[in-house]
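Breakdown of the fold
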Amino acid sequence: NNERSVPQLLIRDLKFEKNSLAKLMFSPDQENHPSKAPVKYGELIVLGYNGSLPNGDRGRRKSRFALFKRPKANGVKPSTVHIACTPQAAKAISNKDQHSISYTLSRAQTVVVEYTHDSNTDMFQIGRSTESPIDFVVTDTVPGSQSNSDTQSVQSTISRFACRIICERNPPFTARIYAAGFDSSKNIFLGEKAAKWKTSDGQMDGLTTNGVLVMHPRNGFTEDSKPGVWREISVCGNVFSLRETRSAQQRGKMVENETNQLQDGSLIDLCGATLLWRTAEGLSRTPTVKHLEALRQEINAARPQCPVGFNTLAFPSMKRKDVVDEKQPWVYLNCGHVHGYHNWGNKEERDGKDRECPMCRSVGPYVPLWLGCEAGFYVDAGPPTHAFSPCGHVCSEKTTAYWSQIPLPHGTHTFHAACPFCAHQLAGEQGYIRLIFQGPLD
């Protein structure tokens, strides 16, 4: 009963100033002069990072990468096919100015497909390699890691030249994804062991060792989004059902009615890191960091209190998103009651992990709450009323509901839902909880 005697506050009860927040809803792109801004195709955001890499974003290694229209087109498209060890095939491979894909069928036979310049498209390459052809360097994501040193000891499963995205230079600026990227010699090599085959129209196609998986959400990336089906994308951009395991020799079935065209909210898995594709149009409808900051200040202005210590709680600023602050809100994950940090109910026999909530006596994990700062992961601009379990990252109800339904690839053959802000596997019945704050007693 002691639960009823104190004023309870669900964040959605706060009267968020619609007009003041509406002004903050526009993307930074729209605040600048649109006529002078370069055309943005979209952005790739790496799951598991809450706004930046642990040691900071540097050069081509960062948590999000914007794809802009290039001053000069650098796209390529397939042209001549050479069979076996002909002088032309050898010349195509050795020519540093000629893009080509080599399919090794046996020691005696290689098929080389020459690629020629395409003035209508721009190409962007993603992979683990730091060589110059890679535009966006991606390393393995370790859930909840606080520094890059945590990630270095792991043997990487991400390909050095993992995939490439080709964007149309003219509206509607369609972006398509292909497995494998061209190396410093402008070649892609598919060795004897890689899955490869001849298509019905006489062309070659193949899959990379650990594959490039893509999932397009249903209903776009909105508050009505639902998870789609994971597919594998081939070197030529065809769509297949998944192999039995990541690197199995046998390819899946071709899915004729689906394409490699990226949509707002498409997920790209490189076996070690998962990327979210947001179109420029989609990002213009997404809350900005300014909007999230306004929501943070709005919560803090309501002066939520700890029901035990009666001290006022406050979410720390976006910049201090890894250091636990003394005013930091903490939550009991089984019931959602928000407190300040205290030692109440810390039973020795429970290893200090499970605690008893003073409000309702439910026993469960007790963790600090962190605001989700990466705006690109939000499906709506709602107030931060819910938290992922067990990590305590806070965002809108629709956003927690969406990500808790997404099966993300993990390892070589399992899938599980994870927090987009830290990549921790979700726990509990739903994977998230509604937060119950106590209002000020005065």
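Residues numbered from 1 in each chain as written. Predicted model: local features only at pLDDT ≥ 70, side-chain atom pairs only at ≥ 80, totals over all residues. Heavy atoms only, no water.

This part covers the overall build of the protein chain. Each helix and strand counted, the protein chain has 7 helices and 29 strands in total. Out of the 442 residues belonging to the protein chain, those deemed buried represent 52%. For the protein chain, restricting intrachain contacts to residue pairs at least 6 apart in sequence, the fraction spanning at least 24 positions comes to 65%. Here the protein chain displays about 20800 Å² of accessible surface, and carbon together with sulfur accounts for 49% of that area. (Helix = DSSP H or I, 4+ residues; strand = E, 2+ residues; numbered from the N terminus. Buried < 20%, exposed > 50% of the residue type's maximum accessible area, 1.4 Å probe, protein only. Contact = heavy atoms within 4.5 Å. Areas by Shrake-Rupley, 256 points an atom, 1.4 Å probe, with all protein chains shown as cover.)

Generally speaking, soluble globular proteins have nonpolar side chains that are buried together. Formed by 46 residues in total, the largest nonpolar core has its most connected members in Leu44, Leu67, Ile126, Ile165, Ile177, Ile268 and Leu270. The contacts of Ile177, once residues within four sequence positions are left out, are Cys163, Arg164, Ile165, Val212, Val214, Ile233, Gly237, Asn260, Leu262 and Ile268. Counting 30 residues, the second-largest nonpolar core is a separate cluster that includes Leu295, Tyr402, Trp403 and Cys419. (Core = buried A, V, L, I, M, F, W, Y, C linked by side-chain atoms within 4.5 Å.)

Moving on, we come to the sheet that holds strand S8 (residues 136-137). The sheet built from 4 strands is open, its strands ordered S8-S7-S9-S10 with mixed pairing. Edge positions in the sheet fall to S8 and strand S10 (175-179), since each of these pairs with one other strand and no more. (Pairing = 2+ DSSP bridges.)

Take helix H7 (residues 397-404) next. Burial in H7 covers these residues: Thr399, Thr400, Tyr402, Trp403 and Ser404. Residues of H7 that are buried sit in contact with strand S14 (212-215), strand S17 (267-269), strand S18 (274-279), strand S24 (386-388), strand S25 (393-395) and strand S28 (432-434).

Let's shift gears to the sheet that holds strand S22 (residues 363-368). Strand order across the open sheet formed by 4 strands is S20-S19-S22-S21, with antiparallel pairing between neighbours. Every interior strand has two partners, whereas the edge strands, strand S20 (338-339) and strand S21 (354-356), have only one. Across 3 bridges, strand S19 (residues 330-332) lies against S22 in antiparallel orientation. Bridging from a neighbouring strand, Trp330 pairs with Pro368 of S22.

With that settled, consider the pairing of strand S9 (residues 163-168). Counting buried residues in S9 gives 5 out of 6 residues, a clear majority hidden from the surface. Inspection of the sheet shows strand S7 (residues 121-127) paired to S9 by 6 bridges, in the antiparallel sense. Residue pairing for S9: Thr121 is matched across the bridge by Glu168. The pairing of S9 with S10 spans 5 bridges and is antiparallel. Its bridge partner being in S10, Cys163 is matched across the sheet by Ala179. Connecting the antiparallel pair S9 and S10 is a turn made up of 6 residues, with Phe173 showing a positive phi of about 55 degrees.

What follows covers unusual backbone geometry. Each neighbour pair has its own omega, and for Pro171 with Pro172 the value is 5 degrees, a cis peptide bond. Tracing the sequence through the fold places Pro172 in the loop between S9 and S10. Looking along the chain, the bond that leaves Ser389 and enters Pro390 is cis, with omega of 15 degrees. For Pro390, the location among the structural elements is in the loop between S24 and S25. Backbone geometry at Ala180 places phi at a positive 75 degrees, although glycine is not the residue there. By relative accessible area, which is 4% here, Ala180 ends up buried. Despite not being glycine, Ala423 shows a phi value in the positive range, around 70 degrees. With respect to the helices, strands and loops of the structure, Ala423 is situated in the loop between strand S27 (414-416) and S28.

A few words now on the confidence of the model for the protein chain. The predicted model of the protein chain has a mean per-residue pLDDT of 87, with 86% of residues at 70 or higher. Contacts for the low-pLDDT stretch residues 1-6, under 50 throughout, to residues beyond four places or in other chains number 8 contacts. Every residue in residues 15-34 scores below 50 in pLDDT, and together they form 30 contacts with partners more than four places removed in sequence or on other chains. (pLDDT = per-residue confidence, 0-100.)

Turning to the environment of Gly376, a few remarks are in order. Turning to its location among the elements, Gly376 is positioned in the loop between strand S23 (370-371) and S24. Sequence separation between Gly376 and Ile45 is 331 residues; the distance between their C-alpha atoms is 7.4 Å. In this structure, Gly376 is in contact with Ile45, Arg64, Phe221, Leu276, Arg278 and Thr286, ignoring residues within four places of it in sequence.

Under the definition given, this model contains 18 aromatic pairs. Ring geometry for Phe65 and Phe136: centres 5.0 Å apart, planes at 15 degrees, overall stacked. Within this pair, whereas Phe65 is found in strand S3 (residues 64-68), its partner Phe136 is found in strand S8, the two being separated by 71 residues in sequence. Assessed through its relative accessible area of 10%, Phe65 is described here as buried. (Phe/Tyr/Trp six-rings, centres within 6.5 Å; stacked < 30°, edge-to-face > 60°.)

Before going further, it helps to spend a moment on the environment of Ile45. Its location among the elements puts Ile45 in strand S2 (residues 40-46). Here Ile45 falls in the buried class, since its relative accessible area comes to 0%. Placed 19 residues apart in sequence, Ile45 and Arg64 show a C-alpha to C-alpha distance of 4.2 Å. Setting aside residues no more than four positions away along its own chain, Ile45 makes contact with Ser63, Arg64, Thr274, Leu275, Leu276, Arg278, Glu374, Gly376 and Phe377.

All chains considered together, the criterion is met by 15 salt bridges. Here Arg296 ties to Glu293 by a salt bridge, and the two come within 2.9 Å at their closest N and O atoms. In this pair, Arg296 and Glu293 both sit in helix H6 (residues 289-301), 3 residues apart, roughly one turn of the helix. When sorted by exposure, Arg296 lands in the same class as Glu293, which is buried. It is possible to trace a salt-bridge network through shared partners that takes in Lys40, Glu43, Arg64 and Glu374. (Salt bridge = Lys/Arg side-chain N within 4 Å of Asp/Glu carboxyl O.)

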